[in-house]
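Residue-level listing of the chains:
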There are 6 protein chains.
Amino acid sequence: MSHLMAEMPWTQYRRRIDAGAVVLLPLGSVEQHGPHLPLGTDHLLATAVSADAARMLAGRGRDAMVAPALAYGYKSQPHMGGGQAFPGTTSLDAMTLIGQVRDILRELHRHGCRRIVVVNSHCENQAFAWEGIDLARREHPQLRVMRLEYWDFTAPSTLDAVFPDGFPGWALEHAAVVETSLMLHYHPALVDMAALPDEPAAAFPVWDLCPQPDGLVPSQGVLSPARGADAAKGARIAADCVAGIVDAVLRDLR
Amino acid sequence: MSHLMAEMPWTQYRRRIDAGAVVLLPLGSVEQHGPHLPLGTDHLLATAVSADAARMLAGRGRDAMVAPALAYGYKSQPHMGGGQAFPGTTSLDAMTLIGQVRDILRELHRHGCRRIVVVNSHCENQAFAWEGIDLARREHPQLRVMRLEYWDFTAPSTLDAVFPDGFPGWALEHAAVVETSLMLHYHPALVDMAALPDEPAAAFPVWDLCPQPDGLVPSQGVLSPARGADAAKGARIAADCVAGIVDAVLRDLR
Amino acid sequence: MSHLMAEMPWTQYRRRIDAGAVVLLPLGSVEQHGPHLPLGTDHLLATAVSADAARMLAGRGRDAMVAPALAYGYKSQPHMGGGQAFPGTTSLDAMTLIGQVRDILRELHRHGCRRIVVVNSHCENQAFAWEGIDLARREHPQLRVMRLEYWDFTAPSTLDAVFPDGFPGWALEHAAVVETSLMLHYHPALVDMAALPDEPAAAFPVWDLCPQPDGLVPSQGVLSPARGADAAKGARIAADCVAGIVDAVLRDLR
Amino acid sequence: MSHLMAEMPWTQYRRRIDAGAVVLLPLGSVEQHGPHLPLGTDHLLATAVSADAARMLAGRGRDAMVAPALAYGYKSQPHMGGGQAFPGTTSLDAMTLIGQVRDILRELHRHGCRRIVVVNSHCENQAFAWEGIDLARREHPQLRVMRLEYWDFTAPSTLDAVFPDGFPGWALEHAAVVETSLMLHYHPALVDMAALPDEPAAAFPVWDLCPQPDGLVPSQGVLSPARGADAAKGARIAADCVAGIVDAVLRDLR
Amino acid sequence: MSHLMAEMPWTQYRRRIDAGAVVLLPLGSVEQHGPHLPLGTDHLLATAVSADAARMLAGRGRDAMVAPALAYGYKSQPHMGGGQAFPGTTSLDAMTLIGQVRDILRELHRHGCRRIVVVNSHCENQAFAWEGIDLARREHPQLRVMRLEYWDFTAPSTLDAVFPDGFPGWALEHAAVVETSLMLHYHPALVDMAALPDEPAAAFPVWDLCPQPDGLVPSQGVLSPARGADAAKGARIAADCVAGIVDAVLRDLR
Amino acid sequence: MSHLMAEMPWTQYRRRIDAGAVVLLPLGSVEQHGPHLPLGTDHLLATAVSADAARMLAGRGRDAMVAPALAYGYKSQPHMGGGQAFPGTTSLDAMTLIGQVRDILRELHRHGCRRIVVVNSHCENQAFAWEGIDLARREHPQLRVMRLEYWDFTAPSTLDAVFPDGFPGWALEHAAVVETSLMLHYHPALVDMAALPDEPAAAFPVWDLCPQPDGLVPSQGVLSPARGADAAKGARIAADCVAGIVDAVLRDLR
């Protein structure tokens, strides 16, 4: 049985919602992820992690379905995703993204759904997703919504294993070891390890400057070296994230 | 070589845009399509037809790429898609949809793209897509945008073959012979022919009434019987649509 | 007794609303209608048909009043009204039109009105009127709203009589036989039959192109020849439309 | 030759715009005006004064056309028009009114028009009209726009004659002597002098209170007694306003 | 005990709101006020008058707190504040100002506050503040809001004393005797009487023209001579306004 | 000479802008900061740090002025500022905040200003300030804008000194040692050290939940103990931040 809402008829969806199923809404982006990862990396990963979580939730007695991802996200920030200067990065204005989250939550509420998990894979979406949730809940305060970035559920022991020289922190993990490993796990055919650049990690000042200064971002868009990535690491990170989301939902999204 | 923008790195995308590639933007919906077709029928078909068209365009010397579909569309109308009362139908407010089209076109323009084809699969999107295009072109009048509903390219001879008793017109072709055949062609695993209902075709008055009257729409959401659908018909319709779009782009989107 | 809301004092309006009167809201445009019809053709016809319908409704025991028309409508489409390139065509952005419909319905609700008929005379308004109605009903679900294009009530026998060579369909009926006949019936002083152009009917492809290609639209703005128009035909069409609207309201807008 | 844009074909409009015609845009309201004046008083007067001004401008060598009035205006204020509590008063949200003014000016600019006169008849519209003009001029700084309330052109000697006991000021002139006289001049069939109430003038505090206190506004909506109104006074006031607008346009809207 | 909300912890604020305190919200501007008064004159005065009123209200048994002023206001009008051409005048679009008033009132309602006084010091804010209040009350009709311009409470006897040659009216009182006197009373260190210009009073036509004509506004931004200003006059005006506001609140904002 | 724009006449402002002065725009909030700090803590600190930075910039040859702070900010997040449940926390919708930043930058551009520093003191504002800057730069790409959170310039050695037991990170520094110390340095009269609560530090999960769970946030709103705060620490932190901002502006905002 599929957990993807887009792949099931409305009759099945209704049955599952009526029985109390949770809906997971993946938020992604269309954003450069270096010369080795595809532009859709974020929404592909958000969907993959959400689908795994839905399967595991069902296995643990709480049915779940995954709504179609928001493929387009908010504007890329230089220190998070390389910034808006890369061709291919295709981003929405704040109001458009906020409106999408608000509208979809309003519709899920109309269907009878009361428990929603917003699974974000693109940092820049965070504040706007929050606003969309808040606007939907202003109309429908009965909605209960969990919002998260999936990678935050990676266990410290996993990070130790993935980064034997020490985890440098999430700040520069764009198109780097974690995302590359996850893509090698979930979508290996879309990864071109031969294209991995050799650029060093970016170093960002604490301020933002608009327009962004020349040379601020590594020219190929990888914010820190992705050399150590492999599918096994991706599998391990994915397992942590999926289990972490499932635990959180079962424990806290009552 | 993939034609899906989401599956290629930015470096490939840039190269192709710089060489003049067209971008196709599929517009879909998350909408009930009867008990035998999935909720994502519209965006799945818009993407499939667009991808075929992109491949054929490339084969005829005009490179093309397919942007991620807008999976969510405008609110379902009773006489077009059964209306908003079906659980699972998940729709956007006008401004949200308009904003998405405007924002994505603005971004494609920033990338250097000047020729865009908006491939719509959900009637209700039509006017709002137009507004989004108009707002984007108000900012960037150099953009040239073709907008179409894919099924309009089906040849009369194909309609004769698909509907041996005479084509009743597009008005009630929701979750009916055409869409079911196309899904059997493109995504057979997502079609459940055993679930096909036996309800007669809907008959709509010339006015709209809000709220929609009870009994106006067939209870399972199929607006006219889909019994005659098969994959071969889907293949033939798809071939017409794809070739028609390709011809239009080559001839008119200069 | 007038049926035009603009021509009555509030005291009369209140009395009639309190007694259950229906309100008709005409939607028009300021749009080129060829060299022989005035720019206000759409809102003049919408108002005229609405006023006739209100009179007939009152005569059949259901009081009705006509709110001032929205004189300005959505942007003209080439294949519906010649497109935005004609000087004189004066159109609103989507949000402005949506807002007007929403605001006026909200106000009618505040007055105590619960039954509204939106009488549209400009195809391009259709989707945006729907959104305005939907937004008003989101706030005030007690509102019951009928939405229609008046010409859809023309009887087949009338079309046979008006088009002795066969009715070519509504698609090209812009500034053509139907609208010219109706204007000769309702506002003959504003019609200049001597100015009727001799251009052949337009032929549109199934796609839209922005910007619109040169030569797509007949240079004078008449989408199909209006030669056969006369006031008697206008009277007959008007009679059908008025009676059709009245029947629909009495039967279905309960 | 008509000066009403709605009554002329686009071909005539284009000719006149190309020759430098000014466009007057009347702003009105649908608002209670006591039991003796119709709800449309404001937009009827704004249109009548604008049409007279257009004729006089043409007679003095400066062609002018009158665009269809904005029939609906901003929300009625208690001390200006009795407030929103009267059934029949039908008002727009700020953004809707702003958008209409902005959109129409943008369109007039597209037509080639560069000189516009916004003729307001409803105080509450003033600030929002200004914003609409400002937003249109942000896009099209070449536009030159004169904005006015027509009554401000009434000569002091006329006020002396109209108010033999002394002009009490414009503040309470709602549905009172000036508007009643003007309607008796322009639209006598719509005035019911027999319905004139005998309520004394309103007395407003300097603050606004929301919701408005009971008894703040005279129960029939006339803010000061209209007893002295007659058509001759209306003619004299109209003559002043029309001539004043014409002089201002000829002298200052270059 | 402070009456400024910004200077108290939430615990104190909650206690006072729970006990029924009124909140005053000052609306100001950042706008030229001649070469002798600072750009913040409006929001400084609105805050000072509000704080005095809050103290006096507390002394008369009705606790009151002053929310942080909206420092930025709507666009300056030539005849009210010199217009937008002066560097330093820093103004908001209508929707931004409307949104601020709406949002803050919504939040005060959430806190449990039901009585609010909007103390305006910048004429141009008036209509937009009204809209903000209306939108907040559409959501929360229990809110009772008084809206005022503080100077309207100046007693006629005070005006006689302040203007021994006769009060010329409020129309040109921008950066003139009243505001200068009030600033000498409340913020003498920010007034530079030596910089007072000698320009005569402005004389405005009854129409607005956009763009504003050269020479319409006195070059230094003072709309009528401020020579007679002094701190004693400021104290007297302030005393009237504060007492007037307090009386209005005690009597009418129940 | 003052560096606060609100305290200077437009003539001085113009002179300084014409000579190339930078404008600093402080962004704050009205938000609970525990029982010992006032609701205005954020905008008070943002203004104080900005004023110090402006003075130091002037001393180093680059004139600078501080625009009035945006006193109200975006909605409080539980893990950043305790969330929206505290009375007194008074927050704006996303669009309102975005609009303010956009409008003010647009106006500064009109004044001739080309270099702006947005000094943020409330984490939740970050993304919306970015959008406001982006929308302003879409209109005026010549604008160069630096955006920062002031505390990020605190030197590691200062953190070592302020937190002798080790700096626990910025995450829980709300109403805690850093802000309390800064308020003791800048506004000691507004701090009530006797009211300091004894609650332990908050511990937040990696997900957000709406509505926020009971007990998630310490009941008095202090996210980690503020016991060690003193004015000397505040002075040291302030000195770092001010110098850091000044260095960044001189080096990078060219």
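Look above for the structure.
Residues numbered from 1 in each chain as written. Chains lettered and ligands numbered in written order. Predicted model: local features only at pLDDT ≥ 70, side-chain atom pairs only at ≥ 80, totals over all residues. Heavy atoms only, no water.

Engineer: Account for the arrangement of the chains, naming residues and giving values.
Structural biologist: Where chain A comes nearest to chain D, the C-alpha atoms are still 16 Å apart, and the two do not contact one another. One thing to see here is that chain B and chain E don't touch, and their nearest C-alpha atoms sit 16 Å from each other. (Contact = heavy atoms within 4.5 Å.)

Engineer: Can you tell me about the packing of aromatic side chains, naming the residues and giving the values?
Structural biologist: Remark: the centre distance and the inter-plane angle together describe each pair of aromatic rings, the angle taken between the planes. What the rule picks out here adds up to 39 aromatic pairs over all chains. Taken together, the ring pairs in this structure connect Tyr-150, Trp-151, Phe-163, Phe-167 and Trp-170 of chain A into an aromatic cluster. (Phe/Tyr/Trp six-rings, centres within 6.5 Å; stacked < 30°, edge-to-face > 60°.)

Engineer: With reference to specific residues and values, describe the relation of the copies chain B and chain A.
Structural biologist: Taken together, a rotation about one axis and a shift along it account for how the two chain copies relate. Mapping chain B onto chain A is achieved by rotating through 180 degrees and translating by 0.0 Å along the same axis, at an RMSD of 0.0 Å. The superposition operator between the copies reduces to a two-fold rotation axis. Judged by C-alpha distance, Thr-96 of chain B is the residue of chain B that lies nearest the rotation axis, at 2.7 Å. The residues that chain B uses at the interface reappear at the interface of chain A in 100% of cases, marking a shared surface. (Least-squares fit on C-alpha atoms with pLDDT ≥ 70 in both.)

Engineer: Outline the side chain of Glu-149 of chain F, supporting the account with residue identities and numerical values.
Structural biologist: Residue and element names in this part refer to chain F. Within the secondary structure, Glu-149 sits in strand E6 (residues 144-149). For Glu-149, the side chain forms a polar contact with the side chain of Gln-126, separated by 2.9 Å. At 2.8 Å, the side chain of Glu-149 and the side chain of Arg-147 are in polar contact. Setting aside residues up to four positions removed in sequence, Glu-149 forms contacts with Asn-120 and Gln-126. (Helix = DSSP H or I, 4+ residues; strand = E, 2+ residues; numbered from the N terminus. Polar contact = N/O pair within 3.5 Å; in protein donor to acceptor, adjacent residues only side chain to side chain.)

Engineer: Got a sec to walk through the interface of chain B and chain A? Specific residues and values, please.
Structural biologist: With 51 residues of chain B in contact, the opposing surface of chain A contributes 51 residues. Counting across the chain B and chain A interface gives four salt bridges. Salt-bridge contacts for Arg-106 of chain A lead to Asp-93 of chain B; the nearest nitrogen and oxygen are separated by 3.3 Å. Sorting the residues of the side of chain B that touches chain A by element identifies helix H1 (10-18), helix H2 (41-59), strand E4 (91-92) and helix H4 (94-111) of chain B as the ones contributing at least two each. Looking at the side of chain B that touches chain A element by element, the count peaks at 10 residues for H4 of chain B. Here the side of chain B that touches chain A is built from residues that sort into 25 nonpolar, 18 polar and eight charged. (Salt bridge = Lys/Arg side-chain N within 4 Å of Asp/Glu carboxyl O. Nonpolar A, V, L, I, M, F, W, Y, C, P; charged D, E, K, R; others polar.)

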